[in-house]
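# Coordinates in review
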Amino acid sequence: MAVKFGAESTTEEVLAGVDLKGKRILVTGVSAGLGVETARTLVAHGADVVGAARDLEKARRATAEVSKAAAETGVSFELIELDLASLKSVRASADKLVEDGRLFDVIIANAGVMATPLGKTEDGFETQFGTNHLGHFVFVNRIAKLIKDGGRLVNLSSSGHRFSNVDLNDPNFETTPYEPFVSYGRSKTANILFAVEFDRRHRNRGVRATAVHPGGIMTELGRHMDPGSLEHMVKQINEQAAAAGKGPFEFKTIPQGAATSVWAGVVAPAEAVGGRYCENCHVSDVVADDAPLGMLDEGVRGYALDPQNAAALWKKSEEVVGESFA
């Protein structure tokens, strides 16, 4: 009987008894939080891991114990530079991996930013859409041929996708008033839609793509929120929960937060997660776009899995980055 996991499951529980020896896995965003934990647990279970980060010195400090564990157990752990807010950096990093030629079993697109002030990437894209979606869109597509037949792509999304659908007419908030969490919602919806279309394009060789929500975790992702805003948000969530007869919100630990990423990447059946959205170590149900949802409720909005929406985003993304992908 298959073991059932849930919101409180940790990376170690999800990977109990799983031998990843011979697997090569790429994880972006390994300078803090979920990325470090994801790399750590994969290495601990025998995988060779490549970690990508914008700040390599910070990443080296954050992953010192991962490097030590890899050396002691005879697996490899290496770091590459990747600034998702710079397409020059993205393309250079991807080109180096393609030139190297070694294949990956899994890519976990973990890096991201949240609720940033209005700003632009090096290439003039709104910061969250440009970093969370377009950076990964170009990077992953440029190295797609390095994913082994039967491999997987895991995109880190969020329940924050429920804040907003993508806006393909005004992705950079040039005519729309900027709201940090609306922008975040757009970018997280884009992460899901990217997985949906990537899955459709690559499933003929057994490569499947999925998107995951790690849950609410105290990491550097929230560094742009002042403590008062965070406290107010938690208070609102708890008021909603109390009104619905539910218990109070509790932040996940980092090992609990990274569990869904590794579950979707190496544990769950590929056909179960391909083209889907997962949370709390299971595939989520689709919830109608107009159905009321509290912050503690599970579910993915239909617009985030809509294949026509996914195809339109792909086309728009190619247009704005000036590059086409098969």
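Not measured: the values here are computed from a predicted model.

## Re the overall build of the protein
- Across its full length, the protein holds 11 helices and 10 strands.
- A total of 326 residues make up the protein; the buried ones form 54% of that total.
- By sequence separation, contacts in the protein at least 24 residues apart represent 76% of the contacts at least 6 residues apart.

## Regarding the packing of aromatic side chains
- Counted by the stated rule, this structure contains 8 aromatic pairs.
- Joined through ring pairs, the aromatic side chains of F137, F194, F198, W314 and F325 make up one cluster.
- In this structure, R186 packs its charged tip against the face of F173, placed 3.9 Å from the ring centre.

## Details of the environment of E179
- Locating E179 in the fold gives a position in the loop between β5 (147-156) and α7 (180-202).
- Owing to a relative accessible area of 45%, E179 belongs among the partly exposed residues under this scheme.

## Regarding the environment of V106
- When you line up the elements, V106 lands in strand β4 (residues 104-109).
- You can call V106 buried: its relative accessible area is 4%.
- For V106 and V27, which are 79 residues apart along the polypeptide, the C-alpha to C-alpha distance reads 8.5 Å.
- Sequence-distant contacts of V106, that is, excluding residues within four places in its chain, are made with R24, I25, L26, R152, V154, G265 and V266.

## Observations regarding the packing of helix α2 (residues 33-44) against helix α9 (residues 254-267)
- In contact at an axis separation of 9 Å, α2 and α9 are set at 65° when each is read in the N-to-C sense. With respect to α9, the axis of α2 lies roughly perpendicular. Our pair here, α2 against α9, has a crossing hand that is right-handed. Counted together, G33, L34, E37, T38, T41 and L42 of α2 and I254, P255, G257, A258 and V262 of α9 form the full contact between these two elements.

## Regarding the nonpolar core
- Judged by nonpolar contacts, the single largest core of 47 residues is most densely connected at L26, L97, I107, F139, I143, I192 and F198.
- Mapped onto this core, the elements with two or more residues apiece are β2 (48-53), α5 (87-100), β4, α6 (127-142), β5, α7, β6 (208-213) and α11 (307-321).
- No other element matches the 7 residues that α7 contributes to this core.
- Not counting residues up to four positions away in its chain, the partners in contact with I107 are L26, V140, I143, I147, R152, L153 and V154.
- Among the nonpolar cores identified, the runner-up in size contains 30 residues, and L42, V43, A264 and A268 belong to it.

Criteria and cut-off values
- Residues numbered from 1 in each chain as written.
- Predicted model: local features only at pLDDT ≥ 70, side-chain atom pairs only at ≥ 80, totals over all residues.
- Heavy atoms only, no water.
- Helix = DSSP H or I, 4+ residues; strand = E, 2+ residues; numbered from the N terminus.
- Buried < 20%, exposed > 50% of the residue type's maximum accessible area, 1.4 Å probe, protein only.
- Contact = heavy atoms within 4.5 Å.
- Phe/Tyr/Trp six-rings, centres within 6.5 Å; stacked < 30°, edge-to-face > 60°.
- Lys NZ or Arg CZ within 6 Å of the ring centre and 35° of its normal.
- Axes fitted to C-alpha atoms, helices over the stretch in contact; angles between N-to-C directions.
- Parallel < 35°, antiparallel > 145°, perpendicular 65-115°, else oblique.
- Left-handed = near helix turned anticlockwise from the far one by under 90°.
- Core = buried A, V, L, I, M, F, W, Y, C linked by side-chain atoms within 4.5 Å.

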